[in-house]
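Summary of the model geometry
As a plain string of letters, each chain reads:
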Amino acid sequence: MKPLDQLVQQEGAIQDRSIYWDNDVYQAEMEHIFARCWLFLTHDSIIPEKGDYQVTTMGEDNVIVARQADGSLKAFLNSCTHRGNFVCFSEAGNTRSFVCPYHGWSFGIDGSLQDVPLEKQAYHQEIDKTALGLRQIRVASYKGLIFGTFDESAPPLEKYLGGMAWYLDSFLDVPGGIELIGPPMKSTLECNWKNPSENFIGDGYHVGWAHASALEIAGGSLASMKGLNEYDKNSGLQISLPEGHGFGAIWECVAALHPGPPGVAYQQWVDQRSPAVKEIVGEQREKFYRAHWNATIFPNCSFLYGTNTFKVWQPRGPHSIEVTTWTMVEKEMPKELKDMIHADNMLTFGTAGILESDDGENFENCTNSNRGHSTRQGTVYLGMGQGHERQEAGLPGIVSDGWVNETSTRGMYRRWAEMMSGKSWDNLSTTADLENNQ
Amino acid sequence: MNSEEHSALSGQPVDQATHFEIERFLVREARALDEERYHDWLDNMVAKDVIYQLPTQEVRYRRDRKTIGNAQTTYLYNDNYDVLAMRVARFDTGFLWAEDPPMRIRRYITNIDAQWADEEGEVDVWSNFIVYRSRAQRDNVSTHGRRRDRLRKTDGQWQLASRVITLEQRVIMDKNVHCFF
Ligand code: FES
Ligand SMILES: [Fe+2]
């Protein structure tokens, strides 16, 4: 692996291409990023009852998240402490225990070891079951969004989200909050996990070009972007948080990717909710509530608020990911509106989606060109809008005009480099530090 | 055939001549799609009230089928005629970069089993398929699955009235399933 100051240069504007290809970089990411960050697991609405569980991955580690009798959550490795087999093969469900199919060890919904066959006869009643529970993982929820971390020294989830939490509240604090609709779609992309993360955090640029065919047939308020001829930089902005998270917002475009009757119904819903939302989150964030967002919570949880697709890019080696896709809706929306939004999400950003299919090709090819040894010696460029960022009172993080920008993308790579250096959490940048240094 | 005679047939295997027609229909349909004749497909082989679906399937234990939380069926395709027409229109825009150079797609339709449906002039048809897609130089993927179709004979022509597609893979081992099955 090359030195870090070569891998990411010029405040995030230059990436060495090896970071999308080399296995040693990938293994270092697993250690310094995926074993340390808070990673998205699931949503409260998916596992509401005692014994409800979902199986997912954190990096490449297979984990179970389960609802406990007291309503709290526990997460633990899906790997038997006897010889290592998985203890659960279902992707979700409701259970009282997880029984390993190899020798029959049985674990409770809290991950503790409950029963061992032939405990008396073969183990002479000497086995210490309390020391052989499934490895526990720290788990926390932010307004229904459930995350886990392997790092005992990681800051609390809310601090990890930093300034992003303030923005997320624009739609998380609506009466009733949000929910995710599943079961999720799952598909694979032969690309590096950073390609989709960077696309969602700040690639407004590709929308008019890569998605020209979809914009042409779907119409809607973004259709004028088609072919990248027209664009007003006051139509939105980008935000980058020192914690690595970020997003682009397009004002008054919440329903832009829901053409036809669903878009009309969704816009009506937002209009009718706006006064209450304004009351709760204030005028500034009401504007965000009414905007369309493309966002990533560092490192690999992305969503489009408005289009309401919610995705996790699960790394599966340096050139491969598994994509998990849910639909995000407000809990208090009428069922018919939820169904329309869910159907639209499948049609646009589902596995057979008319926008998803454009993106997949681009993500894969941006990774795969780096197979070439000589290609890989070069760099790629993210300089759009550099030098035009600012800090703005009342808006956490770094702000830049225009949703066609690369401000939030550079921020993601600055954080990537910072984490890859192995710095302790105390020495990593935070929104609070940025504000204090202003 | 009167309706009494028909209801007695419902659920019975179709006769040999009908089976032959249906098999020919499915093969011709596959060739139209292979040859990217999407308008031919929509105009001549698909009924205006078509329902075209591809639900995802969760991997769950046999003993625990209970729906948890707010889960519902997630459809990769849940299209009516207009949505199918919109997908087809996208091919016509000239901006579909991923399909240029064109993909090469071959559909293999097998295990065809047809029986009379409960509606007169309609049949339920099960078939298995392999769809092989080749893109660019060496991006090759085969997707396997099964379809349950409802075909309807109108003016002497069979048409697709509904299709429910099942893919055996939970995690789809392709970048998308943006092609007709
Ligand atoms: S490996 Fe799980 S019981 Fe032996
Ligand atoms: Fe995109």
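Residues numbered from 1 in each chain as written. Chains lettered and ligands numbered in written order. Predicted model: local features only at pLDDT ≥ 70, side-chain atom pairs only at ≥ 80, totals over all residues. Heavy atoms only, no water.

Quick word on the side chain of S106(A)
Residues and elements named next belong to chain A. Mapping S106 onto the fold places it in strand β9 (residues 106-108). Taking relative accessible area as the criterion, S106 reaches 11% and is therefore assigned buried. In this view, S106 contacts S97, F98, V99, S112, L113, Q114 and D115; residues no more than four positions away in its chain are not counted. (Helix = DSSP H or I, 4+ residues; strand = E, 2+ residues; numbered from the N terminus. Buried < 20%, exposed > 50% of the residue type's maximum accessible area, 1.4 Å probe, protein only. Contact = heavy atoms within 4.5 Å.)

Here we look at the interface of chain B and chain A
Interface size is commonly expressed as the accessible area that is lost once the parts come together. Every contact between the two is made by 39 residues of chain B and, on the other side, 47 residues of chain A. Here chain B meets chain A over a buried area of about 3700 Å², counting both sides, of which 56% is carbon and sulfur. Its largest share of buried area at the contact with chain A, chain B owes to N70(B), R90(B) and K175(B), together 18% of the area lost on that side. Between the two partners, chain B and chain A, sit four salt bridges. A salt bridge links E364(A) to K175(B); the shortest N-O distance between them is 2.7 Å. Where chain B packs against chain A, one counts 23 residue pairs in polar contact (both at pLDDT 80 or more). The residue inventory of the side of chain B that touches chain A, partitioned by class, reads 18 nonpolar, ten polar and eleven charged. (Buried area = accessible area lost by both parts, 1.4 Å probe. Salt bridge = Lys/Arg side-chain N within 4 Å of Asp/Glu carboxyl O. Polar contact = N/O pair within 3.5 Å; in protein donor to acceptor, adjacent residues only side chain to side chain. Nonpolar A, V, L, I, M, F, W, Y, C, P; charged D, E, K, R; others polar.)

Things to note about the domain arrangement of chain A
All names here are of chain A. Domain parsing of chain A yields domain 1 (39-142) and domain 2 (162-436). Spacing between the C-alpha centres of domain 1 and domain 2 amounts to 33 Å. With 13 residues of domain 1 at the contact, the number on the domain 2 side is 17 residues. Summing both sides of the interface, domain 1 and domain 2 together bury roughly 1300 Å²; the carbon and sulfur share of this comes to 57%. Of all residues in domain 1, the largest losses of buried area upon contact with domain 2 belong to F40, H43 and Y142, amounting jointly to 41% of the total for that side. Between the two partners, domain 1 and domain 2, sit one salt bridge. Between K186 and E91 there is a salt bridge, with the nearest N and O atoms lying 3.6 Å from each other. Counting across the domain 1 and domain 2 interface gives eight residue pairs in polar contact (both at pLDDT 80 or more). Top element by residues in the side of domain 1 that touches domain 2 is strand β3 (residues 39-43). It accounts for four residues. Grouping the amino acids of the side of domain 1 that touches domain 2 by side-chain chemistry returns five nonpolar, six polar and two charged. (Domains from an automatic or database assignment.)

Brief notes about the pattern of salt bridges
Between side chains of opposite charge, a pair can form as their charged atoms come close. Within this structure, the stated rule accounts for 46 salt bridges over all chains. D169(A) is the partner of K143(A) in a salt bridge, and the nearest nitrogen-oxygen pair spans 3.0 Å. Taken together, the residues span a long stretch of sequence, with K143(A) in the loop between β11 (136-142) and β12 (145-149) and D169(A) in helix α4 (residues 163-172) at a distance of 26 residues. D139(B) is paired through a salt bridge with R135(B); the nearest N and O atoms lie 3.4 Å apart. Salt bridges sharing common partners tie together E361(A), E364(A), R133(B), R135(B), D139(B), D174(B) and K175(B).

Comments concerning the environment of G246(A)
Residue and element names in this part refer to chain A. Assignment of secondary structure puts G246 in strand β15 (residues 246-250). We classify G246 as buried; its relative accessible area is 0%. Note: C-alpha distance between G246 and L434 (188 residues apart in sequence) is 15 Å. Not counting residues up to four positions away in its chain, the partners in contact with G246 are M164, I201, I239, S240, L241, N294, A295, T296 and S408.

Some points on the sheet that holds strand β2 (residues 14-16) of chain A
Residues and elements named next belong to chain A. With antiparallel pairing, three strands are arranged side by side in an open sheet as β1-β2-β20. With partners counted over all chains shown, the strands left at the sheet margins are β1 (8-9) and β20 (379-381), one partner each. As judged from the two bridges shared by β1 and β2, these two strands associate in the antiparallel manner. The residue bridging Q9 from the neighbouring strand is I14, located in β2. (Pairing = 2+ DSSP bridges.)

Examining the pairing of strand β4 (residues 122-135) of chain B
In summary, the side chains of a regular strand alternate between the two faces of the sheet. Residues and elements named next belong to chain B. By the criterion of burial, β4 is predominantly enclosed, with eleven of the 14 residues buried. Summarising the sheet, strand β3 (residues 104-116) and β4 pair through eleven bridges and their orientation is antiparallel. For Q115, the partnering residue across the bridge sits in β4 and is D124. In the sheet, β4 pairs with strand β5 (residues 139-154) via 14 bridges, with the strands oriented antiparallel. When the bridges of β5 are listed, N128 appears paired with R146. From the end of β4 to the start of β5, which pair antiparallel, there are three residues, and A136 there has a positive phi angle of about 45°.

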